[in-house]
Amino acid sequence: MEILITRSIESLILPPGGVVLLLVIGLLLIRHHWHSAATVIGLALLALYTLSLPVTADKLLRSLEAYPALQPQDTKGSPAQAIVVLGAGRYPGAPEYGGDTVSAGGLERLRYAAHLHRLTNLPLVVSGGSPLGEALPEAALMQQSLANDFHITDVWVEAQGRTTAENAFFTQALLDEKGIHHVYLVTHAWHMPRAADIFRQAGLAITPAPAMFATTRSHGALLHWLPSAIALQASSLALREKLGLLWYRMRHRASTAASSTAR
């Protein structure tokens with residue numbers, strides 16, 4: 001229920017839902033407050049155009065990429081004892097695969113985790129539960145993909161975490177039993193700041209191993225200023241992550257303050 005409420009609120013706040021909400025407010029104001037209505041509708045249209053631009057989406061995503069890409073030489077002598085890869089949703093009821101499988105974003109993370117596994121020969125940990133009560137947890141789908149698509153079977157499974165925070169604390173408990181305290185953490189570059197923060201809070205030492213950076217696009221400069229649905233989706237993703245990062249850090253400060261008061 002908590003996950004459904006959170007996602008519903010996100011849909012209302014973030015684009016395109018937030019823009020539609022502004023437009024509805026503007027339309028409701030037309031009859032009695034024409035000038036206010038025109039202002040609100042204008043702001044909604046401006047927000048829609050701006051957030052639909054590839055240049056906006058790229059800048060928003062790049063602003064989240066606080067950690068550089070891990071280079072092969074960086075793995076030499078690293079203290080990391082395992083590779084943790086976070087789930088990124090599922091492709092539900094995939095007809096070509098006969099059921100649920102990992103999402104495109106999840107496959108991107110798994111591909112890089114497999115690459116890192118081959119560089120280091122370290123065991124892989126997949127983390128992801130069933131946030132909406134799905135029968136098969138996301139981690140099980142990731143384990144299947146690693147075996148079928150990358151021929152990697154040395155995989156440990158954390159299948160309880162429904163959020164990044166839960167992924168961190170359940171993964172820490174799993175690895176603590178195995179005497180592992182330092183890991184490579186694999187997720188998208190835009191997701192790494194929040195993931196690294198919460199994994200460190202959970203008690204794990206982290207070597208960030210981000211994947212899928214917002215790289216320079218090959219199309220011409222003109223197309224950077226033409227709106228597209230893909231750019232709007234990327235902008236919405238980046239804004240969602242910024243809100244999530246702010247929320248996690250506020251909660252962390254609140255927890256730290258509560259602990260200090262209790263002592």
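Residues numbered from 1 in each chain as written. Predicted model: local features only at pLDDT ≥ 70, side-chain atom pairs only at ≥ 80, totals over all residues. Heavy atoms only, no water.

Colleague: Tell me about the pattern of salt bridges, residues and numbers included.
Modeller: Summed over the entire model, instances satisfying the criterion amount to six salt bridges. A salt bridge links D100 to R90; its shortest N-O distance comes to 3.1 Å. Placement of D100 in strand β3 (residues 99-102) and of R90 in strand β2 (residues 90-94) is noted, with a sequence separation of ten residues between them. On the basis of relative accessibility, which here comes to 15%, the residue R90 falls in the buried class. Of the charged contacts, one joins R90 and E134 as a salt bridge, the two residues approaching to 3.8 Å between their closest N and O atoms. Of this pair, R90 sits in strand β2 while E134 sits in the loop between β4 (124-127) and α6 (138-150), and the two are 44 residues apart along the sequence. Counted as one network, the salt bridges with shared partners bring together R90, D100 and E134. (Salt bridge = Lys/Arg side-chain N within 4 Å of Asp/Glu carboxyl O. Helix = DSSP H or I, 4+ residues; strand = E, 2+ residues; numbered from the N terminus. Buried < 20%, exposed > 50% of the residue type's maximum accessible area, 1.4 Å probe, protein only.)

Colleague: Quick rundown of the side chain of R109? Include the residues and the values.
Modeller: With respect to the secondary-structure elements, R109 resides in helix α5 (residues 104-120). Residue contacts for R109: discarding those within four places in its chain leaves V85, L86, G87, A88, V186, T187, H188, W190 and H191. (Contact = heavy atoms within 4.5 Å.)

Colleague: Let's hear about α6: which residues, and what values?
Modeller: Structurally, the α-helix is built with 3.6 residues per turn, so residues lying three or four positions apart point the same way. A rise of 1.5 Å per residue sets the reference length of α6, with its 13 residues, at 18 Å; its end C-alpha atoms lie 17 Å apart and thus fit the reference within 8%. Those residues of α6 lying buried are E138, A139, A140, L141, M142, S145, L146 and F150. Of the surrounding elements, those touching the buried residues of α6 are β1 (82-86), β2, β3, α5, β4 and β5 (155-158). After α6 finishes, the residue H151 shows a positive phi value of roughly 55°. (Expected span 1.5 Å × (residues − 1).)

Colleague: Account for the layout of surface pockets, with residues named and values stated.
Modeller: In this structure, the second largest pocket occupies an estimated 230 Å³ of space. The wall of the second largest pocket is formed by 13 residues, among which Y97, T101, V102, S145 and D149 lie closest to the centre. When residues of the lining of the second largest pocket are traced back to their parent elements, those giving at least two are β3, α5 and α6. Among the elements that line the lining of the second largest pocket, the one with the most residues is α6, at five residues. For the lining of the second largest pocket, the per-class residue count stands at six nonpolar, five polar and two charged. (1 Å grid on protein atoms, 1.4 Å probe; cavity = no way out; pocket = protein on both sides within 12 Å on 5 of 7 lines; lining within 4 Å. Points joined across faces, edges and corners; volume = space filled by probe spheres on them. Nonpolar A, V, L, I, M, F, W, Y, C, P; charged D, E, K, R; others polar.)

Colleague: Which residues make up unusual backbone geometry, and what values go with them?
Modeller: With omega at 5°, the peptide bond leading from P15 into P16 counts as cis. Tracing the chain through its elements places P16 in the loop between α1 (2-13) and α2 (17-29). Unlike most non-glycine residues, N121 shows phi in positive territory, near 60°. Structurally, N121 can be placed in the loop between α5 and β4. Looking at N121, the relative accessible area reads 63%, which means it is exposed. With a phi close to 60°, M212 is a non-glycine residue in the positive phi region. Within the element layout of this structure, M212 appears in the loop between β7 (205-211) and α9 (229-262). Residue M212 is classed as partly exposed on the basis of its relative accessible area, which comes to 42%.

Colleague: So, helix α3 (residues 34-51): which residues are in play, and what are the values?
Modeller: With 18 residues, α3 extends 26 Å from end C-alpha to end C-alpha; this agrees with the ideal 26 Å at 1.5 Å per step. For α3, the complete set of buried residues consists of A37, V40, A44 and L51. With its buried residues spanning 85° around the axis, α3 presents them on a single face. In α3, those exposed residues whose orientation departs by more than 90 degrees from the buried face are W34, H35 and L46. (Arc of directions from axis to C-beta.)

In short, the description is geometric, and any link to function would need to be established separately.
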